[in-house]
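Commentary on secondary and tertiary structure
So you can see what is in the structure, the chains are spelled out below.
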Amino acid sequence: MLFRSLGVDYRFGVAATGLHTEGGRVRAVRVDGGEIPAEVVVLAVGHSARAVYEWAVPAGIAVVRKPIAVGVRIEHPQRLIDEIQYGDAAGHPNLPPAFYELTAGAPERGVYSFCMCPGGWIVPASTEPEGVVVNGMSLSRRDSPFANAGLVVSVGVDDFGPLGAGPLAGVGFQRDIERAAFRAGGGRFRAPAQRLGDFLAGRASDSLGASSYRPGLTPADLSAVLPPFVAEALRKGLRQIGARLPAFLLSDALLIAAETRTSAPVRFLRDPVTLVSPSLGGLYPCGEGAGYAGGIVSAALDGARVAERILATA
Ligand SMILES: Cc1cc2nc3c(=O)[nH]c(=O)nc-3n(C[C@H](O)[C@H](O)[C@H](O)COP(=O)(O)OP(=O)(O)OC[C@H]3O[C@@H](n4cnc5c(N)ncnc54)[C@H](O)[C@@H]3O)c2cc1C
């Protein structure tokens with residue numbers, strides 16, 4: 001396996017359950033059934049590592065709230081997006097399935113598309129048994145008949161609740177939406193969904209068209225799933241987008257909930273030069289879960305930056 005000859009030891013399926021510290025420095029990573037001695041630990045656990053957040057904060061590791069964005073996946077026929085973007089050339093065999101990026105809203109409450117997937121699939125991304133989370137992906141062929149994107153509203157740290165609720169209040173904010181989506185979906189990871197026309201008119205959908213989301217959809221009123229300020233901002237944002245691109249407001253397009261994991265709701269503090277946590281020597285918060293990246297490339301670059309720092313101090 002890659003890098004094994006350089007001494008790398010891979011332990012798949014082994015969860016880090018805590019850190020052993022002494023004298024303000026990390027000494028080992030706790031895992032089920034023991035410890036792995038370590039003078040340097042890179043904490044790069046991704047934005048859904050709630051269990052890690054939940055042991056790190058009581059252990060005194062410096063963590064603060066970070067703004068996120070939440071909302072829905074919006075799904076259209078790819079053919080419609082091709083027609084919007086390519087006009088008369090839509091369907092030309094030399095053109096790839098079309099892509100879009102949209103923004104709307106006042107600066108203090110942005111509404112924007114996120115992770116648009118041409119010819120793509122909406123996929124389940126839940127990490128808890130009673131929460132529904134959706135995400136999107138395209139196969140390299142980009143050959144599904146659907147186009148989807150996250151359509152999300154920016155959420156500030158004050159939206160998570162009073163400061164007294166602590167640095168993990170954003171996790172609670174996400175979880176409340178995910179559980180509401182689970183209930184509205186009716187279980188088995190079916191996702192609640194609403195026709196775009198019904199959402200704008202403020203009425204629940206009683207039926208839905210076809211979708212790429214394989215666990216299945218349940219017609220719902222997404223205003224009862226999302227926090228009211230999120231639903232309202234989405235409505236306003238969609239109307240603004242529709243004023244520029246009327247065809248995008250296809251009444252039968254689907255809004256599917258909940259898109260809550262756009263990035264981590266926390267940031268693990270680190271020194272801007274050494275990249276070490278101010279609360280624990282030897283600990284390097286890194287990547288998306290620590291609040292320093294959003295997406296594959298920025299997470300990889302942050303990993304490279306941390307590795308260079310560690311080598312420079314070795
Ligand atoms: C369906 C889907 C599609 C996506 N598409 C794109 C895309 O097209 N482009 C893009 O830029 N980004 C995309 N992303 C986002 C991208 O995957 C992340 O931004 C990126 O992987 C973050 O990298 P990371 O290394 O910080 O964390 P991760 O890749 O999440 O890695 C964290 C790792 O830590 C492990 N871990 C967590 N807790 C523990 C623990 N307690 N002990 C040990 N290990 C633990 C996890 O199992 C995981 O392997 C997509 C995400 C999803 C879910």
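Residues numbered from 1 in each chain as written. Predicted model: local features only at pLDDT ≥ 70, side-chain atom pairs only at ≥ 80, totals over all residues.

**Focus: the nonpolar core**
Core analysis: the biggest nonpolar cluster contains 46 residues, and A181, V225, I256 and A258 have the highest contact counts within it. Listing elements by their share of this core, those giving two or more residues are β6 (68–77), β8 (111–117), β11 (146–155), α3 (169–185), β12 (191–195), α4 (196–201), α5 (228–244) and β14 (254–259). With 6 residues, the top contributor of residues to this core is α5. Leave out the neighbours within four places in its chain, and I256 touches V72, R73, E75, I122, V134, A191, A193, S211, Y213 and L217. Counting 25 residues, the second largest nonpolar core, distinct from the first, contains V45, V63, L283 and A290. (Core = buried A, V, L, I, M, F, W, Y, C linked by C-beta atoms within 7 Å. Buried ≥ 20, exposed ≤ 12 C-beta atoms within 10 Å, placed from the backbone. Helix = DSSP H or I, 4+ residues; strand = E, 2+ residues; numbered from the N terminus. Contact = placed C-beta atoms within 7 Å.)

**Details of the domain arrangement of the protein**
Here the protein is described as being made up of domain 1 (4–65 + 267–313) and domain 2 (68–259). The C-alpha-based centres of domain 1 and domain 2 are spaced at 32 Å. Listed by partner, the interface residues are 7 residues for domain 1 and 8 residues for domain 2. Of all elements in the fold, only α1 (50–56) and β5 (63–65) reach the threshold of two or more residues within the side of domain 1 that touches domain 2. For the side of domain 1 that touches domain 2, the element with the most residues is β5, which contributes 3 residues. (Domains from an automatic or database assignment.)

**A few points about the site of the ligand**
Taken together, 21 residues sit near the ligand, with G46, G287, E288, G295 and A299 positioned nearest. Contributions of two or more residues to the shell around the ligand are made by α1, β10 (134–138) and α6 (296–313). At 3 residues, the largest contribution of residues to the shell around the ligand is made by α6. Considered class by class, the residues forming the shell around the ligand number 15 nonpolar, 5 polar and 1 charged. Looking at which domains feed residues into the shell around the ligand, each of domain 1 (4–65 + 267–313) and domain 2 (68–259) gives three or more. (Near = placed C-beta within 6 Å. Nonpolar A, V, L, I, M, F, W, Y, C, P; charged D, E, K, R; others polar.)

**A look at α3**
The end-to-end C-alpha separation of α3 is 24 Å, in line with the 24 Å expected for 17 residues at 1.5 Å each. Regarding α3, the residues found buried are A169, G170, F173, Q174, I177, E178, A180, A181, F182, A184 and G185. Just beyond α3, the residue with positive phi is G186, at close to 85 degrees. (Expected span 1.5 Å × (residues − 1).)

**Some words on the environment of D159**
Tracing the backbone through its elements, the reader meets D159 in the loop between β11 and α3. In this structure D159 comes out as partly exposed when scored by C-beta crowding, with 19 C-beta atoms within 10 Å.

**A short note on the sheet that holds strand β1 (residues 16–22)**
Spatially, the 3 strands line up as an open sheet ordered β1-β2-β3, and their pairing is antiparallel. Strand pairing shows two members of the sheet lacking a second neighbour, β1 and β3 (34–37), which therefore form its edges. In this sheet, neighbouring strand axes are inclined to one another by 35 degrees on average, regardless of whether the strands run parallel or antiparallel. Summarising the sheet, strand β2 (residues 25–31) and β3 pair through 4 bridges and their orientation is antiparallel. Within the sheet, the bridge partner assigned to V31 lies in β3 and is G34. (Pairing = 2+ DSSP bridges. Axes fitted to C-alpha atoms, helices over the stretch in contact; angles between N-to-C directions.)

**Quick look at the sheet that holds strand β13 (residues 217–219)**
With mixed pairing, 7 strands are arranged side by side in an open sheet as β7-β8-β11-β6-β14-β12-β13. Each having just a single partner strand, β7 (103–104) and β13 make up the two edges of the open sheet. Inspection of the sheet shows β12 paired to β13 by 3 bridges, in the parallel sense. Within the sheet, the bridge partner assigned to P192 lies in β13 and is T218.

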